Amino acid sequence: YSDIALVAVGIVAAFEVMMVWCNETPRWLLSKGQQTKAFAVLEWLRGPKINIEPEISEMEAAMTEKHLTVVQVLREFLKKSVFIPLVLVLVVMFFQQIGGLNAVSTYGASLFKSAGVSNPRQTALYSIGVSALLATILSVFIVDLAGRKPLLLFSGTGMLVGTVMLGTHFYLTRPSLCANQTAQALDDTANTSCNTHLAPLAIVSLLLFNIAFSLGWGPVPWVLMPELLPQRVRGVASGIATFINWGTAAIVTG
C-alpha cells in the first residue's frame, strides 16, 4: 500500500501543476464581466468551427435570472415541485452506496483472500478494477439507448445474483462443511483446500456484481440528478445529494 500511496501523491502533484495553466469556466468569466476571455475559452473548448454565440447568449440569459438567497432556497425545498424530486434523488444516491460497491472495491483483496483465491491483490485489480472500467465505458453508449429505469432494474438484478452467489460461496466453504463434519472440522488445511476448490465462484460473483453496478446503479443516479432537480435550486440540492452519497459510502466502508 505504501507504493500505491506514493503513486497517488505523484498523480496529485502533477494535477496541481497542470491546474496552473487551466482557465476559469466561461460561465464564471461571464459572471465577472470578462466577456472577451469567456468567448476565447469557450471557443477553445468547442473548436474554431463551432458557432458559440448562441451558447454565450444562453449563459448570459441564465445569469440575468434572480439569484435566490439562502432563506429563499430553503423555502423552495418546501414546495412539492422541489421536495419530491429531491427526495427521489436522495433515495437513489442512498441505494447506490448501500448496495456495497465501495465496500467491495475497498476490501476486494481481503474478500478474495478469505475465499482462498491465489494472488488476491492481482485478482482484485483485474476482476474489480478492469471490469468496472470496461462496463462504465459501455454504459456511456447505452444509458440513453436503454433508458434509466431498465438499466436500474437490470443492474439491481445482476447485483442481487452476484451477492447471492458470493454468500453461497462463503456458506459452502464454512469449516463445518469443508471438513466433512469430522474431528478435523476446524483444520486450516481442509478449509483452505475447500476454499481453493470453490474460488472461481467467488471471482465470478464479484465480477457479476461489479459489472452490473457499473452498467446501471453506478452512472444512472448521477444522470438523474440534473434531470430531476429544478434549475433554481440545482446547485444546493446537488450538494445535498452528493453529501448523502459519500456519507453513506463512509458508513458502508467504515
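Residues numbered from 1 in each chain as written. Predicted model: local features only at pLDDT ≥ 70, side-chain atom pairs only at ≥ 80, totals over all residues. Heavy atoms only, no water.

Quick word on the packing of aromatic side chains
Argument step 1. Tallied over the full model, the rule gives one aromatic pair.
Argument step 2. Ring centres of Phe94 and Phe95 lie 5.5 Å apart, and the angle between their planes is 80°; this geometry places the pair in the edge-to-face category. (Phe/Tyr/Trp six-rings, centres within 6.5 Å; stacked < 30°, edge-to-face > 60°.)

Quick word on the nonpolar core
Argument step 1. Membership of the largest hydrophobic core comes to 18 residues, with the highest contact counts inside it found for Met159, Trp217 and Val220.
Argument step 2. Secondary structure elements with two or more residues in this core: α7 (101-106), α9 (120-146), α10 (148-172), α13 (199-215) and α14 (220-228).
Argument step 3. A total of five residues in this core trace back to one element, the largest contributor, which is α13.
Argument step 4. When near neighbours in sequence (up to four residues on either side) are disregarded, Val220 contacts Val143, Arg148, Leu151 and Leu152.
Argument step 5. With 11 residues, the next largest nonpolar core counts Val89, Met93, Leu229 and Ala237 among its residues. (Core = buried A, V, L, I, M, F, W, Y, C linked by side-chain atoms within 4.5 Å. Buried < 20%, exposed > 50% of the residue type's maximum accessible area, 1.4 Å probe, protein only. Helix = DSSP H or I, 4+ residues; strand = E, 2+ residues; numbered from the N terminus. Contact = heavy atoms within 4.5 Å.)

Things to note about a nonpolar patch on the surface
Argument step 1. Together, Phe83, Ile84, Val87, Leu88, Val91, Phe94, Phe95, Ile98 and Leu228 make up a nonpolar patch on the protein surface, roughly 740 Å² of accessible area in all.
Argument step 2. Counting residues per element, the nonpolar patch draws most heavily on helix α6 (residues 80-98), at eight residues.
Argument step 3. Relative to the elements of secondary structure, Leu228 occurs in helix α14. (Patch = residues over 30% accessible without salt bridge, like charges linked within 9 Å, V, L, I, M, F, W, Y side chains within 5 Å. Areas by Shrake-Rupley, 256 points an atom, 1.4 Å probe, with all protein chains shown as cover. Salt bridge = Lys/Arg side-chain N within 4 Å of Asp/Glu carboxyl O.)

Digging into the packing of α10 against α13
Argument step 1. Direction vectors running N to C along α10 and α13 enclose 160°, while the axes themselves pass 8 Å from each other. Relative to α13, α10 is oriented roughly antiparallel. Both α10 and α13 take part in a crossing whose hand is left-handed. Across the interface between the two elements, Leu151, Phe154, Ser155, Gly158, Met159, Val161, Gly162, Thr163, Met165, Leu166 and His169 from α10 touch Ala199, Leu201, Ala202, Val204, Ser205, Leu206, Leu208, Phe209, Ala212, Phe213 and Leu215 from α13. (Axes fitted to C-alpha atoms, helices over the stretch in contact; angles between N-to-C directions. Parallel < 35°, antiparallel > 145°, perpendicular 65-115°, else oblique. Left-handed = near helix turned anticlockwise from the far one by under 90°.)

Things to note about the side chain of Glu76
Argument step 1. As for its position among the elements, Glu76 is in helix α5 (residues 70-77).
Argument step 2. Overall, Glu76 belongs to the buried group, its relative accessible area being 9%.
Argument step 3. For Glu76, the contacting residues outside a window of four places in its chain are Leu68, Val82, Arg232 and Val233.

Looking at the confidence of the model for the protein chain
Argument step 1. Residues with a pLDDT of 70 or more make up 85% of the protein chain, whose mean pLDDT is 81.
Argument step 2. When mean pLDDT is taken per element in the protein chain, α6 scores highest with 90 and helix α12 (residues 188-197) scores lowest with 52.
Argument step 3. Note that residues 181-192 has pLDDT below 50 and, in this model, 11 contacts with residues that lie over four places away or in other chains. (pLDDT = per-residue confidence, 0-100.)

A few points about the side chain of Ser139
Argument step 1. Topologically, Ser139 is positioned in helix α9.
Argument step 2. The residues touching Ser139, leaving out its near neighbours within four places in the chain, are Ser214, Leu215 and Pro219.

Things to note about the packing of α10 against α14
Argument step 1. The contact between α10 and α14 brings their axes to 11 Å, and the two run at 150°. In terms of their interaxial angle, α10 and α14 are classed as roughly antiparallel. Seen from above, α10 lies across α14 with left-handed handedness. Residues Arg148, Leu151 and Leu152 of α10 form the contact with α14, whose participating residues are Val220, Val223, Leu224 and Glu227.
Argument step 2. Per-class residue counts for the contact of α10 with α14 are five nonpolar, no polar and two charged. (Nonpolar A, V, L, I, M, F, W, Y, C, P; charged D, E, K, R; others polar.)

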